[in-house]
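One-letter residues, chain by chain:
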Amino acid sequence: MSSPLPPALSRLIEAYRSVHDLQAAAAVLSWDQETMMPSQGREARGQLLGTLAGLRHEHLAGAAFADALAAAEDEAAEGEAAQALLREARREHDRATKIPGELTRAMAEATSEGLASWQRARAADDFAIFRDSLARIIDLVGQKADALAEGRPRYDALLDLYEQGSTEAQLAPLFDGLRAELAPMVQAAADCGVEVDEAPAQGQFAPEAQYALGRETAAAIGFDFEAGRLDQAAHPFCTGFAVGDVRLTWRYQEDDFRPALFGILHEMGHGLYEQGLPAAWQSTPIGTAVGLGVHESQSRLWENLVGRSRSFWEWLLPRFRKAFPEHPAFEVDHIYPALHTIRPSLIRVEADEATYNLHVAARFELERRLLAGKLMVDDLPEAWDASYKELLGVRAPSAADGVLQDIHWSMGAFGYFPTYTLGNLIAAQLFDAARAELGDLDAAFARGEFGPLLDWMRRHIHQHGNLRSADQLVQDATGAPLSPDAFLGQLRASAAAVYGI
Ligand code: ZN
């Protein structure tokens, strides 16, 4: 902060601090729940988290915060940071007050019940078990969207929760363009007769060695372990409580090193962003990440664009051999195809770079129709299968591997999926812009020099926190609005190298 803030704005920041701290405390408890907590702690933990969420809402929606906000708005503060602080504080306050308490409680109950019935339905491979909960959740999500919409389409109000400012009108043509390019590419890869040899990635990989290699790699790239940790969890995630305390989690498969290594690189990308947020604005509404799309761009960048490149593997290979001395030796040329397979798959989280966005496109289409009342819950399983047949040419043999595979809808998270695709597109565009500015990044990666790329991300993305919109960040960093061109260009290049298509 260069100059002292005007008094009313300082008081607003002070008022916001408890909102932030309650949120961060809840995040610590959630991290513990996923990594350390014994299973019998679940009920007590649910109560603790509920109390903290209630307190946070009371602070944010309460009269004291409203007064502090109004006073700060009257003060007419100048400068980008002050404007952004007021904008974000207003946005969070309005969101907290617009949704009736009754609806918030109903939603909490419905999603708690929804999560449980989704798990039962998935285990029993029976959509009917989840049907009523999902119908209730869609009804409540629709009410929530209406409360937040202010004249916007329902779906836009939901998208805005995860990626501020993104709209259906902006996303629909992006997805149309991706579908038109990706579906034929997936078909061509299937028809070309090339069988990728995945043997170099498979074998016996001791978990301790996988952990050590993942940790060493993350540290070499620039993740600060004095300001973060890496622990095991059932589902990998990253959570940051402060710039100086960022937690990554990982899981492994003993017969294939890829899930652990690329999972760690993915979460590390999120973690680098969290560690690079502006410390001066910590605990304020602008000291956070800008949105889920940009967040995901940082994870995809290190996981896919760096971690699957030849030059990165030239650096990694000697370290890999040391970690797994028993594993049959291979060269970079042998592993490269196994890192760039294109194969129609049933499960989104296991999908490759080419098919991943088709999985998202299917969900984008289905959830819009569900919320618009154009698709009934009873018809969802059939619509899901039809969509997969059309986009990926596959049909799930069971509901568990089809319509029940993702947790998101059971938690009421509609409008969330598109941020995964936004992340892929933003990552590719940022990477091209960084390469154009920094020159031969491949030579740097091969020498284990990741600092120049990380510094570029720090300057163009991380240090701005939530000061500017995602659209503005991408425009400022790359000189152009977001488009799928960079992503498709990079994908075509690897498809040509591996499949000759
Ligand atoms: Zn991610």
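The numbers attached to residues start from 1 for each chain and follow its sequence in the written order. Confidence filtering applies because this is a predicted model: local features only for residues at pLDDT of at least 70, side-chain atom pairs given and counted only at 80 or more, and all residues used for totals across whole chains, interfaces and linings. Excluded from the side-chain calculation are hydrogens and water; included are all heavy atoms of the structure.

Undergrad: Describe unusual backbone geometry, listing the residues and the values that go with them.
TA: Phi at Asp125 takes a positive value of approximately 55°, unusual for a residue other than glycine. Think of it this way: any DSSP run of H or I at least four residues long counts as a helix, any run of E at least two long counts as a strand, and we number them from the N terminus. On the secondary structure map, Asp125 appears in the loop between α5 (101-124) and α6 (128-149). Type-normalised accessible area, obtained with a 1.4 Å probe on protein chains alone, sets the label of each residue: buried when under 20%, exposed when over 50%, and partly exposed for intermediate values. With relative accessibility at 35%, the residue Asp125 sits in the partly exposed group. One non-glycine residue, Glu150, adopts positive backbone phi at about 50°. Assessed through its relative accessible area of 63%, Glu150 is described here as exposed.

Undergrad: Now, about the side chain of Arg363: what can you tell me, with residues and values included?
TA: Looking at where Arg363 falls in the secondary structure, it is placed in helix α14 (residues 353-371). By relative accessible area, Arg363 is classed as buried at 0%. The contact criterion used throughout is that any non-hydrogen atoms of two residues lie within 4.5 Å. The contacts of Arg363, once residues within four sequence positions are left out, are Arg348, Trp384, Tyr388, Gln405, Asp406, Trp409 and Phe417.

Undergrad: Hey, could you go over the sheet that holds strand β3 (residues 245-250) for me, with residue numbers and the actual values?
TA: Strands are labelled as partners when DSSP assigns at least two bridges between them. In space, the three strands of this open sheet follow the order β1-β3-β2, with mixed pairing throughout. Whereas interior strands pair on both sides, the edge strands pair on one side only; in this sheet they are β1 (228-232) and β2 (238-242). Strand-to-strand twist of the sheet, defined as the mean angle between neighbouring strand axes without regard to direction, takes the value 20°. Helix axes are fitted only over the stretch in contact, all axes being lines through C-alpha atoms; the angle between N-to-C directions runs from 0 to 180 degrees. Across the sheet, helix α1 (residues 7-35) lies against β1, β2 and β3, angled at about 140° from β2, the strand it touches most.

Undergrad: A description of helix α10 (residues 258-275) should follow, citing residues and the corresponding values.
TA: Multiplying 1.5 Å by the residue count of a helix minus one yields the expected span of that helix. End to end, α10 covers 25 Å across 18 residues, agreeing with the expected 26 Å (1.5 Å per residue, within 8%). The element α10 is largely enclosed, with a buried count of 17 among its 18 residues.

Undergrad: Explain the packing of α1 against helix α3 (residues 63-74) to me, and be specific about the residues and the numbers.
TA: For the pair α1 and α3, the least separation of the axes is 8 Å and the interaxial angle reads 150°. Taken together, the axes of α1 and α3 lie roughly antiparallel to each other. Between α1 and α3 the crossing geometry is left-handed. From α1, Ala8, Leu9, Leu12, Ala15 and Tyr16 reach across to α3, where they touch Phe65, Ala68, Leu69, Ala71 and Ala72. Residue classes follow a fixed rule: Ala, Val, Leu, Ile, Met, Phe, Trp, Tyr, Cys and Pro count as nonpolar, while Asp, Glu, Lys and Arg count as charged, and any other residue, Gly among them, counts as polar. Looking at the contact of α1 with α3 residue by residue, the class counts come to ten nonpolar, no polar and no charged. Roughly parallel refers to an angle under 35 degrees, roughly antiparallel to one over 145, roughly perpendicular to one between 65 and 115, and oblique to any angle outside these ranges. Helix crossings are classified by the rotation of the near helix relative to the far one: an anticlockwise turn of less than a right angle makes the crossing left-handed, while a clockwise turn makes it right-handed.

Undergrad: Which residues make up the coordination of the zinc ion, and what are the values?
TA: Sites may look incomplete, because water is not among the atoms used; the donor set itself consists of N, O and S atoms within 2.8 Å of the metal (3.2 Å for Na, K and Ca). The coordination sphere of the zinc ion, as far as protein atoms go, consists of His266 (NE2), His270 (NE2) and Glu296 (OE), spread over 2.1 to 2.3 Å. Counting along the primary sequence, the residues that act as donors to the zinc ion give the motif H-x3-H-x25-E. Taken together, the residues His266 and His270, both in helix α10 and four residues apart, mark about one turn of the helix. Classification of His266 by relative accessible area gives buried; the value is 10%.

Undergrad: Tell me about the packing of aromatic side chains, and name the residues and values.
TA: Any two of the Phe, Tyr and Trp rings considered here, Trp counted by its six-membered ring, make a pair once their centres fall within 6.5 Å; the pair's planes then place it as stacked at under 30 degrees, edge-to-face at over 60, or tilted in between. Under the definition given, this model contains 28 aromatic pairs. Aromatic side chains Trp313 and Phe330 sit 6.4 Å apart centroid to centroid with 50° between the ring planes, which places their arrangement in the tilted category. With Trp313 in helix α12 (residues 310-323) and Phe330 in the loop between α12 and α13 (332-338), the pair connects residues that are 17 residues apart, well separated along the chain. Of the residues examined, Trp313 reaches a relative accessible area of 1% and is grouped as buried. Residue classification places Phe330 among the buried positions, given a relative accessible area of 5%. Through pairs of rings, three or more aromatic residues link up here, namely Tyr162, Tyr356, Trp384, Tyr388, Trp409, Phe414, Tyr416, Phe417 and Tyr420. A positively charged side chain is recorded as over a ring if its NZ (Lys) or CZ (Arg) lies within 6 Å of the ring centre. The angle to the ring normal must also be within 35 degrees. If you follow Arg247 out to its NZ or CZ, it ends over the ring of Trp31, 4.5 Å from the centre. The ring of Tyr336 carries Arg310 above its face, with NZ or CZ at 4.1 Å from the centroid.

Undergrad: Give me the lowdown on the nonpolar core, citing residues and values where you can.
TA: Membership of the largest hydrophobic core comes to 132 residues, with the highest contact counts inside it found for Trp302, Trp313, Phe414 and Leu453. Counting residues domain by domain, this core receives three or more from each of domain 1 (7-151) and domain 2 (169-203 + 294-499). Look past the residues within four positions of Trp302 in its chain and what remains in contact with it is Ile221, Leu265, Met268, Gly269, Leu272, Gly307, Phe450, Leu453 and Leu454. Residues Leu12, Leu60, Ala68 and Ala89 belong to the second largest nonpolar core, which totals 21 residues. Think of a nonpolar core as a cluster: buried Ala, Val, Leu, Ile, Met, Phe, Trp, Tyr and Cys residues, connected wherever their side-chain atoms sit within 4.5 Å. As annotated, the domain borders come from an automatic or database domain assignment.

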